[in-house]
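# Examination of the molecular architecture
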There are 4 protein chains.
Amino acid sequence: MITPNRYSVILGNLGNTCDRFLPTGYKESRPKEEMIRQAAEIPGIQGIELVGSWDITEANAREMKHTLSAAKLECVSIIPDLFSQKRWGNGSFSAKDPGTRREALEETRSVCRIALDIGCPLINLWLGQDGYDYPLTADYRRQRSDLMEGIRTVAAEYPGLRFALEYKPKEPRTHSFQARAADTLLMAVETGLPNVGVCIDVGHALMAGENVAESAVLLQHHEERLFHMHFNDNYRTWDDDMIVGSLHTVEYLELLHWLKETGYSGWYSMDQYPYREDGAAAVSESVAFLRSLEKLLTAGRQDEIRRLIASGDATRSTRWMRELLFGALS
Amino acid sequence: MITPNRYSVILGNLGNTCDRFLPTGYKESRPKEEMIRQAAEIPGIQGIELVGSWDITEANAREMKHTLSAAKLECVSIIPDLFSQKRWGNGSFSAKDPGTRREALEETRSVCRIALDIGCPLINLWLGQDGYDYPLTADYRRQRSDLMEGIRTVAAEYPGLRFALEYKPKEPRTHSFQARAADTLLMAVETGLPNVGVCIDVGHALMAGENVAESAVLLQHHEERLFHMHFNDNYRTWDDDMIVGSLHTVEYLELLHWLKETGYSGWYSMDQYPYREDGAAAVSESVAFLRSLEKLLTAGRQDEIRRLIASGDATRSTRWMRELLFGALS
Amino acid sequence: MITPNRYSVILGNLGNTCDRFLPTGYKESRPKEEMIRQAAEIPGIQGIELVGSWDITEANAREMKHTLSAAKLECVSIIPDLFSQKRWGNGSFSAKDPGTRREALEETRSVCRIALDIGCPLINLWLGQDGYDYPLTADYRRQRSDLMEGIRTVAAEYPGLRFALEYKPKEPRTHSFQARAADTLLMAVETGLPNVGVCIDVGHALMAGENVAESAVLLQHHEERLFHMHFNDNYRTWDDDMIVGSLHTVEYLELLHWLKETGYSGWYSMDQYPYREDGAAAVSESVAFLRSLEKLLTAGRQDEIRRLIASGDATRSTRWMRELLFGALS
Amino acid sequence: MITPNRYSVILGNLGNTCDRFLPTGYKESRPKEEMIRQAAEIPGIQGIELVGSWDITEANAREMKHTLSAAKLECVSIIPDLFSQKRWGNGSFSAKDPGTRREALEETRSVCRIALDIGCPLINLWLGQDGYDYPLTADYRRQRSDLMEGIRTVAAEYPGLRFALEYKPKEPRTHSFQARAADTLLMAVETGLPNVGVCIDVGHALMAGENVAESAVLLQHHEERLFHMHFNDNYRTWDDDMIVGSLHTVEYLELLHWLKETGYSGWYSMDQYPYREDGAAAVSESVAFLRSLEKLLTAGRQDEIRRLIASGDATRSTRWMRELLFGALS
């Protein structure tokens, strides 16, 4: 029996998004309640990801839980805010300053308490400030080690939660410590804890030069450490955070095939920056694209894909894809 | 009335292709006659491109003309061999050695005579060795000027032929002098001659970070200087020379739309390196992909595309493309 | 006789700079007067670039002129703010909305009046919003044409000012219309006006995959259209806006050689985003790097470089550079 | 006490090198004896790397051993030829065909016997054909697993030899299975054998978007799995195989610092493709560059570097580097 995919969205996708040239963003900000209502109305969306301090705090957690349940939305993950405050400018868990490292632990523990409180099973750690910008400024040995220790500490304290490490090669730093699938997996494994895994953000993986399907297989091969997925699209050189499927087609089909093939059972979560677009419309379109692929990947077509892969004939695979997309067109 | 596209192929695509690790290639070489016969059998192929000295010389020109006509194939262009001989290792028209520059002129004149002799209207100049590898080794001012002069000289001598300059950012040099659409157009314009234009190789343009449709519009905007098109696909960082449409879909649709929109009337020529694939099958698949798009681009759909472009709504354009590709699928 | 280089800085470099994750920036904002005072104290700095509306308006122009003169600083250029307001979100001169295009003209005219008023000779146009994000959303033909017309209109009205077009391949749009040296030069030439040229931002050129020295030569070859230079450094894939010379060495030396060789007589202006660094210190270091190269490029060494280039021997050029940098070390 | 670096070269660097456009290469081929003699004359070179079947076979092993000893050169590693024969076109250890996988084992065992026979301690495995080119053609799960098994099998059989896996993101395939430092390390660790490690080719790492120093630290952090180093330089997008230090300066300094800091005790081996340059001169220049850095990295300067890293001040680190390179110049 095929289990249907579960789709979710990061709440902020529906709000205003800014860039470094226009800190106020290109659109108007909206009240959170409206954003949640909009999310609930997107066909297919069943879950929400929240950012700590932006969307949820220990103070408003119960109220948020109530609001989400009223909208029939699950809280899929919480993302601690370890990246958008000045105090994290030189890193959180890997900061050279021990006080900052302690604060990062405290901040994450607080999010863990919230998660337990509202029944959210996953903490998604995007450690965007944990990296470096210039040569001869980072202690690759010590800082990576501190980073691992921080994650291990908090994950050991909260064995009932799962921690997904979201890698990204750069931005806001010119280099992130958790930059690619394999180095992040190595760190997850190094913690020695079964509740630490990896989140693939498809755009981050493309930007890292990865074949996303292969990265997913790699993570699943190592004790099913693929804990979470973020979806968006880009031109492969930067995290453009565009509508899913606006650029890549066959790569997405192959990715979804392998996610099923390797038993990925997590959420399919949208993570975009619709700077100039209507947020709800852009997210709806992303979900619609993924649902088109899901529908297309019948048991019969997955068998065909397995045979294509077994034959390894590039012309045949390309023809199959062309006939699939254009065969029914007149 | 819509004029149908004309499809052609570079003859060598059907033969053996090598890389730097396996100079003998991954396949067996085939006799030219067989390659021509195979080309003629590919559905949609009406023309052939030949490489000077590899495929055609003053000695065998008449015979080749006869062979092509017997196969009902037009000779679409000849590509002078200014790149695969040791004497061009430091450049042809831009070589620092004046003797080499003279030889490049002679070689090109010879190809021009052949072209006139057999009724081929276009010389495609891919000046792959004209560039440089290291800092502090090239005279960007003098060598670019010599390059332009060489092209001007020969194009002025053969006003009945058209010369298409095929740009590529790198390989075999780390930097080519004719690297991108706009710099190559500038050089074509600088000759002051109407019979010098540009050839877009789609893979070279992708590798240069260009939006190929925009490059085509730019060239057509400047006195319709887009003289020729080479088709293949790649991962945007290197000239992988893959089957057309094996990776990019919407970009190809947009390109074909704009080629029609700007009145491009040249050939749609396949230029691939099917290292490990059956050559004829790989080229057939490329043509089939382009013909699928051609069929899809009805007058009605082109009107829809014009409206999408006029509205500039990214979500709407993405939805249109998704519904086109997946709408008919069950 | 060798004319010494003139160094300047964009005023905002000394203030706070933000990114999309931390709109408030990593540092504290400073009063403009303090920033101007800091600029004046940087060894070698003689000029300032101002951004319209951020730094200078018709209302405060005279006061700013007075402040700059008191600090013995020239106003080198003004950059109209056609990028950091919501109304430009879909473009300025190339916006599909004619009202927005008219506003862009008005905004630029206002800056031109200010420039004439305070004796600033150059308008630097960075049209960051003039581009597009998704396939099938931009009218490459019409919008590029509108863009050129807008520039031509204002440049024709102010023949006493020079207009430098600053290209950049992407950001904030996924594609800019003025993306590379050659396409921007083509547009400058297309205006038919001698007072329209190009500004090279070194980081933008690196990000575009250009050899910056070659781009400079290309622009100077076409009627000395290189009007202005912005300096910073990056890892070649993104506009990291780092300290000059923090990554590239030989490329900078070659660039400075060719700027002299081709008679570039404009300013050497710093344009960085020292997100986490002390602004004045970071800019000082950039100027110090460029002055080290300037000092190094004696008439004798420029002769040596000419000989290296003439020989085209990669090993010899590499050895020369190594001996230069390491020869005196013990 | 500081141990001096040991420098070596891959023998083929001194011969002729070809690319896909000029299979005969740009230069003349030379006899192996002459190449060995040339290598021995390069100041600083003490070792040689040989390629199986090209340079050494079971038949000529003793003779080669004698020739090398006569030239006072150690055989540093042997690289089995699992990449330059038609039979490996679809992979060696990861080939879908079990017969090919067996042949790969046999070929490698043969090289191991030779290595034991002549006293060479290291097998360097560059599995360039083990990857894939197109979507929907590779079985990422099964083929990666076969690859690991092949390596484990042979490494278990020869516990007295060390096996270094040399990663590279692409070429000759569009994607390699051993693509980056971390994924290759994961596979080395997965074998469960202490004699399997990783070889960093600096150019491959740059092409993969890695900070090479950080990759070295990562590998050393995991049980000192950095077994070998190949040196060359490139423009970060392709394996240009250029003279060491012709482009990168500070990155090389940082790398050499961390190699010492983490106790790397392997060889510093040159791996270039001097297509158009005199091979011996190009390799000499590479060694000279690395020796300049080695000399520069005194205990005192390494202390300074540690302090710079501890402070993490980008401006200070950049200034230190500038003063080092330009401070002594007049």
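Every chain's residues receive numbers from 1 upward, in the order its sequence appears when written. The lettering of chains begins at A and the numbering of ligands begins at 1, in the order of writing. Note on the predicted model: pLDDT of at least 70 is required for a residue's local features to be given, and 80 or more for side-chain atom pairs to be given and counted; whole-chain, interface and lining totals, by contrast, use all residues. By convention in this description, side-chain values take in all heavy atoms of the structure and omit both hydrogens and water.

The name that an unreviewed UniProt entry assigns to chain A is Xylose isomerase, with the source organism given as Terrimicrobium sacchariphilum. UniProt positions are given in the numbering used here, feature names are shortened, and annotations may be inferred rather than shown by experiment. Quoted verbatim from the Subcellular location (unreviewed entry) field of the UniProt record, the comment on chain A reads "Cytoplasm".

### Some remarks on the relation of the copies chain A and chain D
We superpose the copies by least squares over the C-alpha atoms of residues that have a pLDDT of at least 70 in both of them. Mapping chain A onto chain D is achieved by rotating through 180 degrees and translating by 0.0 Å along the same axis, at an RMSD of 0.0 Å. On this basis, the relationship between the two copies can be described by a two-fold rotation axis. Looking at the rotation axis and the C-alpha trace of chain A, the residue lying nearest is Ala182 of chain A, at 2.6 Å. Any two residues whose heavy atoms approach within 4.5 Å are treated as being in contact. Of all interface residues in chain A, 100% are interface residues in chain D too; the two copies therefore contact each other through one and the same surface.

### Focus: the domain arrangement of chain A
Residue and element names in this part refer to chain A. Annotation of chain A at the domain level lists domain 1 (7-297) and domain 2 (299-330). Each of domain 1 and domain 2 was reduced to a C-alpha centroid, and the two centroids are 32 Å apart. Each partner contributes residues to the interface: domain 1 has nine residues there, and domain 2 has 10 residues. Salt bridge, as used here: a side-chain nitrogen of Lys or Arg that lies within 4 Å of a carboxyl oxygen of Asp or Glu. For the interface between domain 1 and domain 2, the tally reads one salt bridge. Pairs of N or O atoms are called polar contacts if they sit within 3.5 Å, as long as, within protein, a hydrogen donor faces a hydrogen acceptor (for residues adjacent in sequence, only side-chain-to-side-chain pairs). Linking domain 1 with domain 2 are three residue pairs in polar contact (both at pLDDT 80 or more). It is helix 8 (residues 250-261) that provides the largest number of residues to the side of domain 1 that touches domain 2, a total of six residues. What fixes the domain bounds is an automatic or database domain assignment. By definition, any uninterrupted DSSP run of H or I lasting at least four residues is a helix, any uninterrupted run of E lasting at least two residues is a strand, and each is numbered from the N terminus.

### As for the relation of the copies chain A and chain C
At an RMSD of 0.0 Å, chain A and chain C line up after a rotation of 180 degrees and a shift of 0.0 Å along the axis. Comparing interface residues between copies, 100% of those in chain A also sit at the interface in chain C, which points to an isologous, same-surface contact.

### As for the UniProt feature "domain: Xylose isomerase-like TIM barrel" (unreviewed entry) in chain A
Per the UniProt annotation, the sites labelled "domain: Xylose isomerase-like TIM barrel" (unreviewed entry) are residues 37-292 of chain A. For residues 37-292 of chain A, helix accounts for 41% and strand for 16%, while the C-alpha atoms at its two ends are 24 Å apart.

### Comments concerning helix 1 (residues 32-41) of chain C
For an α-helix, the turn length of 3.6 residues means that residues three or four places apart are oriented alike. All names here are of chain C. When we look at burial in helix 1, the residues that qualify are Met35, Ile36, Gln38 and Ala39. Seen end-on, helix 1 carries its buried residues on one side only, within an arc spanning 160 degrees. Opposite the buried face of helix 1, at more than 90 degrees from it, the exposed residues are Glu33 and Glu41. Packed against the buried residues of helix 1 are strand 1 (7-10), strand 2 (45-51), helix 2 (61-70) and helix 9 (279-296). A simple rule labels every residue: compare its accessible area, found with a 1.4 Å probe on the protein chains alone, to the largest value its type can have, and call it buried under 20%, exposed over 50%, or partly exposed in between. Arc definition: it is the arc formed by the directions from the helix axis to the C-beta atoms.

### Side note on the interface of chain A and chain C
Contacts between chain A and chain C engage 43 residues on the former and 43 residues on the latter. Summed over the shared surface of chain A and chain C, the result is 12 salt bridges. Between Asp240 of chain C and Lys170 of chain A there is a salt bridge, with its nearest N and O atoms 2.9 Å apart. On the surface where chain A and chain C come into contact, there are 24 residue pairs in polar contact (both at pLDDT 80 or more). Three categories are distinguished: nonpolar for Ala, Val, Leu, Ile, Met, Phe, Trp, Tyr, Cys and Pro, charged for Asp, Glu, Lys and Arg, and polar for the others, with Gly belonging to the last. When the residues that make up the side of chain A that touches chain C are grouped by side-chain class, the tally is 17 nonpolar, 11 polar and 15 charged.

### So, the interface of chain A and chain D
At the interface, 46 residues of chain A touch 46 residues of chain D. Between chain A and chain D, the buried area comes to about 4000 Å², and carbon and sulfur atoms account for 63% of it. The interface formed by chain A and chain D includes four salt bridges. As a salt-bridge pair, Glu261 of chain D and Arg141 of chain A come within 3.9 Å of each other at their nearest N and O atoms. Inspection of the chain A/chain D interface yields 22 residue pairs in polar contact (both at pLDDT 80 or more). Of all elements in the fold, only helix 4 (140-157), strand 7 (175-176), helix 5 (181-190), helix 7 (212-221), helix 8, helix 10 (299-311) and helix 11 (314-326) of chain A reach the threshold of two or more residues within the side of chain A that touches chain D. Looking at side-chain class alone, the side of chain A that touches chain D contains 22 nonpolar, 12 polar and 12 charged residues. When two components associate, each loses some accessible surface as probed by a 1.4 Å sphere; the sum of these losses over both components is called the buried area.

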